[in-house]
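Now for the letters of each chain:
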Amino acid sequence: GENVEQHPSTLSVQEGDSAVIKCTYSDSASNYFPWYKQELGKRPQLIIDIRSNVGEKKDQRIAVTLNKTAKHFSLHITETQPEDSAVYFCAANSYTGGFKTIFGAGTRLFVKA
Amino acid sequence: NAGVMQNPRHLVRRRGQEARLRCSPMKGHSHVYWYRQLPEEGLKFMVYLQKENIIDESGMPKERFSAEFPKEGPSILRIQQVVRGDSAAYFCASSPGGPQGTEAFFGQGTRLTVV
């Protein structure tokens, strides 16, 4: 069935450094790739998304890239800040009579001040 | 727009009891999804519903779990005869649907504790 793999599971960086999280997906029909941030005890919230007709998208310190051929997509956070510390989930949609969202296992990001 | 509303926020049940979790999607959204999140783990897809229809329940355990989204009222996730392993956060999300994927908006979640 559909699957989304995410790496690394834990990432620790120094404040100001960059963080990169990588994902792969299995459903070649997936056309929408959102990224969610979940702070402790809170709901997941969308931080950026990319569609399959676009290779890269940037929003301030956050960027996503997509390689459809390789079924890879990545999240890049530059100039990290302590408030970026959270769990980040990549996801891909999958058609099943309508679109559902399948999530990766998550990356716990620690930004050390 | 009040967003996706889930209730209760916290639910404690004894082993063998039933748990009912409710989700009201965002206004204008007709697609509802339920996810389970164990402590320190990811969001595991359970079921996808549209009004009066179950579209995909491939992530639902075969026994004790059921979901509905009636024509009127909230979506309900029902867990019968709860066991300790059912303790988790259950998140509901909604989207407007459409020909391409769109953002799924999450509710605050219901944290179920089975004692």
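Residues numbered from 1 in each chain as written. Chains lettered and ligands numbered in written order. Predicted model: local features only at pLDDT ≥ 70, side-chain atom pairs only at ≥ 80, totals over all residues. Heavy atoms only, no water.

So, on to the state of the cysteines. When the sulfur atoms of two cysteines share a covalent bond, that bond is a disulfide. Within this structure, the stated rule accounts for 2 disulfides over all chains. Two residues share a disulfide in this structure: Cys23(A) and Cys90(A), whose sulfurs sit 2.0 Å from each other. Residues Cys23(A) and Cys90(A) share a disulfide whose torsion about the S-S bond is about -100 degrees; that sign makes it left-handed. Of the two residues, Cys23(A) is situated in strand β3 (residues 19-25) and Cys90(A) in strand β9 (residues 86-95); the sequence distance between them amounts to 67 residues. The class for Cys90(A) is buried, based on a relative accessible area of 0%. Sulfur-sulfur distance for the disulfide between Cys23(B) and Cys92(B) comes to 1.8 Å. Where Cys23(B) bonds to Cys92(B) through sulfur, the torsion about that S-S bond is close to -55 degrees, and the disulfide is left-handed. Note that Cys23(B) is positioned in strand β3 (residues 19-24) and Cys92(B) in strand β9 (residues 88-95), a separation of 69 residues in sequence. (Disulfide = S-S within 2.5 Å. Helix = DSSP H or I, 4+ residues; strand = E, 2+ residues; numbered from the N terminus. Buried < 20%, exposed > 50% of the residue type's maximum accessible area, 1.4 Å probe, protein only.)

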